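Now for the letters of each chain:
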Amino acid sequence: MVTLILGSLTALPALSMDMYLPALPDVGGAMHTPAATVQLTLTACLLGLAVGQLVVGPMSDRFGRRRPLLIGSLGYVLASAACAVAPTIETLTLFRLLQGLCGAAGIVIARAVVRDLYDGLAMARFFSTLMLISGVAPILAPVLGGQVLRFTDWRGVFLILTGIGVLLTFIVLRWLPETLPPGERHSGGVPAALHTMRGLFRDRVFTGYLLAGAFTFAGLFAYVAASPFVMQEIYGASPQTYSLLFMANSIGLVAVGQINGKILVGRVPLDKVIAFGLCVVLSAAVSLLLMTTGVFGRPGLLPVATGLFVLMSGMALILPNANSQALMRTPHAAGSASALLGTSQFLIGAITSPLVGIAGEHTAVPMAIVQLASLLLAAACFVALCRPWRTRD
């Protein structure tokens, strides 16, 4: 039961973003707003997820896991309901920021609970299992969002998210136990939390895994922000076709995550798996850049979709293993470490996401450039800071 709850908590922010994706062009049309402005609603949610984790993580180290999680869940319900009635793009962006701030509690506390309960390879395997459960959200969310748009407009998407938030709040209240005993909690306030985080950043290897995961995540969110316009506006896919393509990519991510957890973890060193994953996603990113710039002529929907499928699937070899390697080094401050991991991922994602629309709605080149640049930075941080060929201290 705990596994299902943690998977659902991890999935909620992805559900909040991906279910909304097929509606992005409709939001722009309804509010007479260009694509770049509509994408700011995604950026606001990402920024909220980043900042929220930075706040909730240390709070969970001080007050335990349940109390901050329940407060965040209730806030998520209220923010989602506000999004459904937002009158302007500005107020929608503000409410999306609040939705992200409150939804961040689920991600950071779920990771901290995993660190409370597991260690070593068992933790890496559990993260892969968590990816299977949380991966159902990006598989189903765009399909559900596309079907919702058959019967209502984009506001109906947020009403459904409100209902999901209510259900998850009840489940947490009823079935999630406290995993951080009072004797292991930190009694310090904000200064103590900042001191702990500074200590984590002084760990070169921890910082390397943090940045490698964050820049990989940036490549993922470049896809999330750009794909509705790339697939629908440039390549002519309907909202339903787009949702099916997004579902296929999510299935690839989940399937490779299970191969990682069930077959590779324990048999292959995690650093080797991360290195191989980086090679895969870099190859896919280079291919996408060549296709979108017209080096191979004007590609159709299928070649671009195939490149994105390989890119997304390869990320399942990087993200869970980078998180596991980082958290293995921080048993003394799981909440703060989880907050830094999550904040870095969503903050860099929030910064890079608007860049994909900088040249307008009719070119996929910015998406490919942002993805390749992000993944090159991820590889550079992994090699320069983690130094996987050396014996760890």
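In this text, all values refer to a predicted model and were calculated from it rather than measured experimentally. (Residues numbered from 1 in each chain as written. Predicted model: local features only at pLDDT ≥ 70, side-chain atom pairs only at ≥ 80, totals over all residues. Heavy atoms only, no water.)

Quick notes on the packing of helix 1 (residues 2–18) against helix 8 (residues 154–175)
Here's step 1: Where helix 1 contacts helix 8, the two axes come as close as 11 Å, and the packing angle between them is 160°. Judged by the inter-axis angle, helix 1 sits roughly antiparallel to helix 8. Crossing geometry of helix 1 relative to helix 8 is assigned as left-handed. Here I5, S8, L9, L12, L15 and S16 of helix 1 come into contact with helix 8, specifically with L161, I164, L168, I171, V172 and W175. (Axes fitted to C-alpha atoms, helices over the stretch in contact; angles between N-to-C directions. Helix = DSSP H or I, 4+ residues; strand = E, 2+ residues; numbered from the N terminus. Parallel < 35°, antiparallel > 145°, perpendicular 65-115°, else oblique. Left-handed = near helix turned anticlockwise from the far one by under 90°. Contact = heavy atoms within 4.5 Å.)

Overview of the domain arrangement of the protein chain
Here's step 1: By the assigned domains, the protein chain splits into domain 1 (1–188) and domain 2 (192–388).
Here's step 2: Taking only C-alpha atoms, the centre of domain 1 and the centre of domain 2 are 19 Å apart.
Here's step 3: The partner domain 2 presents 59 residues to the 50 residues of domain 1 that form the contact.
Here's step 4: When the two sides are added together, the surface that domain 1 and domain 2 hide from each other amounts to roughly 4400 Å², 72% of it contributed by carbon and sulfur.
Here's step 5: Inspection of the region where domain 1 meets domain 2 yields zero salt bridges.
Here's step 6: Across the domain 1-domain 2 interface, the total number found is three residue pairs in polar contact (both at pLDDT 80 or more).
Here's step 7: Among the elements of the structure, helix 1, helix 2 (24–30), helix 3 (35–63), helix 5 (89–117), helix 6 (120–134) and helix 7 (136–151) are those that each provide at least two residues to the side of domain 1 that touches domain 2.
Here's step 8: When residues of the side of domain 1 that touches domain 2 are assigned to their parent elements, the largest contribution, 16 residues, is made by helix 3. (Domains from an automatic or database assignment. Buried area = accessible area lost by both parts, 1.4 Å probe. Salt bridge = Lys/Arg side-chain N within 4 Å of Asp/Glu carboxyl O. Polar contact = N/O pair within 3.5 Å; in protein donor to acceptor, adjacent residues only side chain to side chain.)

Details of helix 1
In an α-helix, one turn spans 3.6 residues; hence positions three or four apart end up facing the same way.
Here's step 1: With 17 residues, helix 1 extends 24 Å from end C-alpha to end C-alpha; this agrees with the ideal 24 Å at 1.5 Å per step.
Here's step 2: In the structure, helix 1 departs most strongly from a straight axis at A11, where the bend amounts to approximately 35° and where the proline P13 lies between one and four residues downstream. (Expected span 1.5 Å × (residues − 1). Bend = angle between axes of the 7 residues up to and from the residue.)

Concerning the side chain of T352
Here's step 1: Structurally, T352 is set in helix 15 (residues 334–352).
Here's step 2: Residue T352 is classed as buried on the basis of its relative accessible area of 11%.
Here's step 3: With near-sequence residues (within four places) excluded, T352 lies in contact with A218, V370 and S374. (Buried < 20%, exposed > 50% of the residue type's maximum accessible area, 1.4 Å probe, protein only.)

Observations concerning the packing of aromatic side chains
Two aromatic rings, taken as a pair, are described by how far apart their centres are and by the angle between their planes.
Here's step 1: This structure, assessed with the given rule, holds six aromatic pairs.
Here's step 2: Residues W154 and F158 carry aromatic rings whose centres are separated by 6.2 Å and whose planes lie at 90° to one another, so their mutual orientation is edge-to-face. Pair noted here: W154 and F158 are both in helix 8, with a separation of four residues, about one helical turn.
Here's step 3: Judged by its relative accessible area of 3%, W154 is buried.
Here's step 4: Through a chain of ring-to-ring contacts, the aromatic side chains of Y223, Y242 and F246 assemble into a single cluster. (Phe/Tyr/Trp six-rings, centres within 6.5 Å; stacked < 30°, edge-to-face > 60°.)

Let's talk about a nonpolar patch on the surface
Here's step 1: There is a patch of nonpolar side chains on the surface, built from L47, V51, L54, V55, M59, F63, L347 and I351 and spanning about 610 Å² of accessible area.
Here's step 2: Broken down by secondary-structure element, the contributors of at least two residues to the nonpolar patch are helix 3 and helix 15.
Here's step 3: Residue contributions to the nonpolar patch peak at six residues, all from helix 3.
Here's step 4: Here L347 shows up in helix 15.
Here's step 5: For L347, a relative accessible area of 34% corresponds to the partly exposed category. (Patch = residues over 30% accessible without salt bridge, like charges linked within 9 Å, V, L, I, M, F, W, Y side chains within 5 Å. Areas by Shrake-Rupley, 256 points an atom, 1.4 Å probe, with all protein chains shown as cover.)

Focus on the pattern of salt bridges
Pairing between side chains of opposite charge can happen when the charged atoms of each approach one another.
Here's step 1: Considering all chains together, one arrives at three salt bridges under this definition.
Here's step 2: Across the salt bridge formed by D116 and R65, the nearest N and O atoms sit 2.8 Å from each other. With D116 in helix 5 and R65 in the loop between helix 3 and helix 4 (66–84), the pair connects residues that are 51 residues apart, well separated along the chain.
Here's step 3: On the basis of relative accessible area, R65 is assigned to the buried category, the value being 1%.
Here's step 4: As a salt-bridge pair, R329 and D203 come within 2.9 Å of each other at their nearest N and O atoms. With a gap of 126 residues between them, R329 in the loop between helix 14 (319–327) and helix 15 and D203 in the loop between helix 9 (190–201) and helix 10 (204–234) connect regions that are remote in the sequence.
Here's step 5: Given the relative accessible area of 22%, R329 is considered partly exposed.
Here's step 6: In this structure, a network of salt bridges that share partners links the residues D61, R65 and D116.

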